[in-house]
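# Architecture and fold: a report
Residue-level listing of the chains:
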Amino acid sequence: MADVSTCGGGHQAPGISMTGILLFNPRSANAKYRVPNSILNIAASVEGKYHWVIIDGNREIDPLARIMQWLETGNYKYVGFTVMPGPQLKQAIPFSKTIREYFPGITMIWGGYFPTNQYKSVLHSGYVDFVINGPGDHCFPQLIDALENNKPYELIKNLIYKSGDQIIKTRKEDLIEQDELPDLPYDKLAGFYPMEKYLGKTYLGNKTLAYHSSIGCPFTCSFCAVVPTYEARWKAKSAQKVYRDIKYIKDKWGADAIEFHDNNFFVSEKRTVEFAKLILPEKMSWWGMARIDTMHKFKDESLALIREAGCRIIFFGAESGNNAILKQMDKGGTQNGDQIEEFAARMKKFDIIPEYSFVLGMPAPTPAEVEAQIDFEINFIKKIKRINPDTEIILYTYSPVATEGSDLYNDALSKGFRFPEKLEDWISPAWENFDLRKNPLTPWLTPGMIDKIKNFETVLNGYYPTITDIRLNSFKRKAMHLLAGIRYNINVHKYPYEIKLLHRLWKYRQPEIQGF
């Protein structure tokens, strides 16, 4: 762990203001360390202008004690938290509250998907002063400049704050050209936490790097938390810039695999092919996220090159095999049930594993229709597995996203769904699971429907254990496959206690919750 006395807590680099900024990445997973790219972007935006430190909740035994240790030096006037929905709230909420109690003069700034979507409860909490509404590369340093020089901040784009009892949202900024942004300060991060521990062992490799090569997505799916943030916009780093960054980390710290955490890495076939040609000699494995209708347009030679260059598995939002449901979701593009099937077969030809996610439990006029939709998706998923057994299946239950004005969100509200009004309510166990899209808390889903989804998921994960769980040996896989086989093949999914027992005994890893 970094010691305050050796990392700048009371020491000042020449020419840098004593206005200190403490940046915090709340814990997102147990024993799964990834480069905190979001907060590192903010650090890059103020590098060389303001003194900053990073505290990574994933790397600290007691992160709150570490935060308080830095703040007690008196050198920090601003605290910035990056907050994703779900697990990060468990530290973000109580820690922010404690900071406000002990250091009431400190300015608290939150960014990330959660405060962007739930800014009202965040700002009404009384302990968060500003929300960064989308990318903070320009907004964050401009806000610090304004506060430091006692100048107005009303015209700073991508900002949400309270003025009296009123919440003010400033205009959204056009997405920034990503190649124009400063390099992320990996070396300075390594001064706080050894970089080697950020390169984790996964299905892809022994030292897997998490990297963002683009921001946003050019589509407007109503169930996606990205949409309110980026509003159907996408900007990417050039293939050369991505390669240069990855090559640097590979050469300096030994990275041998890459998880691209972009919302949509494969938007541009040209960029993807260019990157594949660059990375091919490095012999690295990699994974990213894409849309089926986008990649189905890729040329065969492009897909062959992508696989040769190390791409082993790609996450696709299949969402539903029902075209009416895809329309209800505002999935956009040309994706349909037939295409989802065709593409699964096509990926088999190129030896790229498609990781298909499905969203079950969409709202419908009657309970019978909701149940019928669930049954349809279960049968469709089994059809996909017959077409390409290597297809990885990720199941979610539909959880509303505060996409104001969308028909899907309005439909959820009309059926009685409501988000918590108090920020503290988000850290109850029920709402934490909601953010992982595992416990929807939606009024149209009965307990029996939720059980049907979860029981099918258990049987499916028994018959087809995920290839990404590197702790499962061949014996364990075969045992689960045999045990779940009868249930899977005769469509009896109720009460799969014997499979759950093996999952618990062998600590089965679900990638949608725990990653690779």
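Note: the structure precedes this text.
All values reported here derive from a predicted model rather than from experimental measurement.

This part is about unusual backbone geometry. What is expected of a backbone is that most residues other than glycine have negative phi and most peptide bonds are trans. One non-glycine residue with positive phi stands out, namely Lys283, at about 55°. One can find Lys283 in the loop between α10 (269-279) and β12 (285-290). Classification of Lys283 by relative accessible area gives exposed; the value is 69%. The phi torsion at Glu319 lies on the positive side, around 70°, for a residue other than glycine. With respect to the secondary-structure elements, Glu319 resides in strand β13 (residues 311-319).

Below, the discussion takes up the packing of aromatic side chains. Under the counting rule described, the total for this entry stands at 31 aromatic pairs. Judged by centre distance (5.1 Å) and plane angle (90°), the rings of Phe130 and Tyr153 are edge-to-face. Of this pair, Phe130 sits in strand β5 (residues 130-132) while Tyr153 is found in the loop between α6 (139-148) and β6 (159-163), placing the two residues 23 residues apart along the sequence. For Phe130, a relative accessible area of 6% translates into the label buried. Summarising the aromatic geometry, the rings of Tyr464 and Tyr488 are spaced 5.5 Å apart at their centres and angled 80° between planes, so their arrangement reads as edge-to-face. Taken as a pair, Tyr464 in the loop between α18 (447-463) and α19 (474-490) and Tyr488 in helix α19 lie far apart in primary sequence, 24 residues in all. On the accessibility criterion, Tyr488 (6% relative accessible area) is buried.

The next subject is empty space enclosed by the protein. If a probe the size of a water molecule is rolled over the atoms, the empty space left behind becomes visible. Overall, the coordinates contain four cavities of 30 Å³ or more when judged by the stated rule. Computed from the structure, the second largest cavity encloses a volume of approximately 40 Å³. Put simply, the parts of the chain that give the lining of the second largest cavity at least two residues each are β14 (353-360) and α15 (367-387). The element that contributes the greatest number of residues to the lining of the second largest cavity is α15, accounting for four residues. By residue class, the composition of the lining of the second largest cavity is six nonpolar, two polar and one charged.

On to the nonpolar core. Among the nonpolar cores identified, the biggest contains 136 residues, and Trp110, Trp286 and Tyr356 are the most heavily contacted of them. Sorting elements by how many residues they give to this core places α18 first, with seven residues. Of all hydrophobic cores here, the second largest spans nine residues; its members include Tyr203, Leu204, Ile313 and Ile353.

A few words on the pairing of strand β7 (residues 166-169). Where β6 and β7 come together, four bridges link them in antiparallel fashion. From the neighbouring strand, Tyr161 faces β7, where its bridge partner is Ile168.

With that settled, consider the environment of Asp187. When you line up the elements, Asp187 lands in helix α7 (residues 186-192). With relative accessibility at 39%, the residue Asp187 sits in the partly exposed group. Distance from Asp187 to Cys311, taken between C-alpha atoms, is 27 Å for residues 124 residues apart in sequence. Those residues in contact with Asp187, other than ones at most four positions away along the chain, are Tyr248, Lys252 and Trp253.

This paragraph deals with the environment of Tyr463. With respect to the helices, strands and loops of the structure, Tyr463 is situated in helix α18. Each C-alpha atom, one on Tyr463 and one on Ile215, is 36 Å from the other, the two residues being 248 residues apart in sequence. In terms of polar contacts, Tyr463 uses its side chain to reach the side chain of Asn489, at 3.5 Å.

Moving on, we get to the side chain of Ser121. Secondary-structure assignment places Ser121 in helix α5 (residues 119-123). A distance of 3.2 Å separates a polar side-chain atom of Ser121 from the backbone oxygen of Gln118. Sequence-distant contacts of Ser121, defined by excluding residues within four places in its chain, comprise Pro420, Glu421, Lys422, Leu423 and Trp426.

About the criteria used
Residues numbered from 1 in each chain as written. Predicted model: local features only at pLDDT ≥ 70, side-chain atom pairs only at ≥ 80, totals over all residues. Heavy atoms only, no water. Helix = DSSP H or I, 4+ residues; strand = E, 2+ residues; numbered from the N terminus. Buried < 20%, exposed > 50% of the residue type's maximum accessible area, 1.4 Å probe, protein only. Phe/Tyr/Trp six-rings, centres within 6.5 Å; stacked < 30°, edge-to-face > 60°. 1 Å grid on protein atoms, 1.4 Å probe; cavity = no way out; pocket = protein on both sides within 12 Å on 5 of 7 lines; lining within 4 Å. Points joined across faces, edges and corners; volume = space filled by probe spheres on them. Nonpolar A, V, L, I, M, F, W, Y, C, P; charged D, E, K, R; others polar. Core = buried A, V, L, I, M, F, W, Y, C linked by side-chain atoms within 4.5 Å. Pairing = 2+ DSSP bridges. Contact = heavy atoms within 4.5 Å. Polar contact = N/O pair within 3.5 Å; in protein donor to acceptor, adjacent residues only side chain to side chain.

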